[in-house]
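Architecture and fold: a report
Chain by chain, the residues:
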Amino acid sequence: MRIMGLDFGSRTCGVAISDALYITAQGKEIIRREKPGKLRTTLARIEQLIVENEVESIVLGYPKNMDDTEGERVRLTKEFKEMLERRTGLDVILWDERCTTVAADEYMNERRIKGKDRKELVDMLAAVFILQGYLNDRAEKLKKQAVT
């Protein structure tokens, strides 16, 4: 079984999948849509990826503002979370995604990725950072439980 990470945007959804041991997150793909509200194809592709990768739960980026307030993107993300839960029957965990796009940009700067390649990768890398943050936190909690 694996965990899926999603970076849900207005026109794209970056996808990452964990390894079977829940140690690392790997970028899978970017699901694109022509209009922000047209989610049927996005949801169908996510369902396919769930089956193909034996996904047991989903970690969805939670786009709070830097000052910890919630804006329009949070409302849309919560609606998307409810759709995912209804359609897939899986638990969807909201995970703070602040700074993931910045981290993805820094990663690409370090590797001198430019132009079109950069634009193509940013959403998938953000999904990787969201999922990896969750996996690291999960591992730390399991470690603490084992000690006590």
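Use the structure listed above.
These remarks concern the structure in this document. Throughout this document, residue positions are counted from 1 along each chain, in the order its sequence is written. Where totals are concerned, whole chains, interfaces and linings use all residues; where local detail is concerned, this predicted model gives features only for residues with pLDDT of at least 70, and gives and counts side-chain atom pairs only at 80 or more. Hydrogens and waters are ignored; side-chain quantities use all the structure's heavy atoms.

We define a salt bridge as a side-chain nitrogen of Lys or Arg found within 4 Å of a carboxyl oxygen belonging to Asp or Glu. With the rule as written, the count across this model stands at seven salt bridges. Among the salt bridges present, the one from Arg87 reaches Glu47, with a minimum N-O distance of 2.7 Å. One end of the pair, Arg87, is in helix α2 (residues 72-88); the other, Glu47, is in helix α1 (residues 40-53), with 40 residues separating them in the sequence. Accessibility expressed as a relative area gives 24% for Glu47, which makes it partly exposed. Between Arg75 and Glu72 there is a salt bridge; the shortest N-O distance is 2.3 Å. Note that Arg75 and Glu72 are positioned in helix α2 at a spacing of three residues, about one turn of the helix. Here Arg75 falls in the partly exposed class, since its relative accessible area comes to 38%. Three exposure classes are used, based on accessible area relative to the maximum for each residue type with a 1.4 Å probe and protein chains only: buried under 20%, partly exposed in between, and exposed over 50%. Judged by relative accessible area, Glu72 falls into the partly exposed class, the value being 46%. Via salt bridges that share partners, Glu29, Arg45 and Glu52 belong to a single interconnected network. Starting at the N terminus, helices and strands are each numbered in turn, a helix being any DSSP run of H or I of at least four residues and a strand any DSSP run of E of at least two.

This part covers the packing of aromatic side chains. Aromatic ring pairs: the centre-centre distance and the angle between the two ring planes describe each pair. Aromatic rings from Phe, Tyr and Trp, taking only the six-membered ring of Trp, are treated as a pair when their centres fall within 6.5 Å; an angle between ring planes under 30 degrees marks them as stacked, one over 60 as edge-to-face, and anything in between as tilted. What the rule picks out here adds up to two aromatic pairs. Ring geometry for Phe8 versus Phe80: centroids 4.0 Å apart, planes at 5°, classification stacked. Here the residue Phe8 occupies a position in strand β1 (residues 2-8), and Phe80 occupies one in helix α2, the gap between them amounting to 72 residues. Under the relative-accessibility criterion, Phe8 is labelled buried at 8%. The exposure class of Phe80 is buried, given its relative accessible area of 0%. Lysine and arginine charges are scored as sitting over a ring when NZ or CZ, respectively, is within 6 Å of the ring centre and within 35 degrees of the ring normal. It is Arg138 that lies over the ring of Tyr22; its NZ or CZ is 4.4 Å from the centre.

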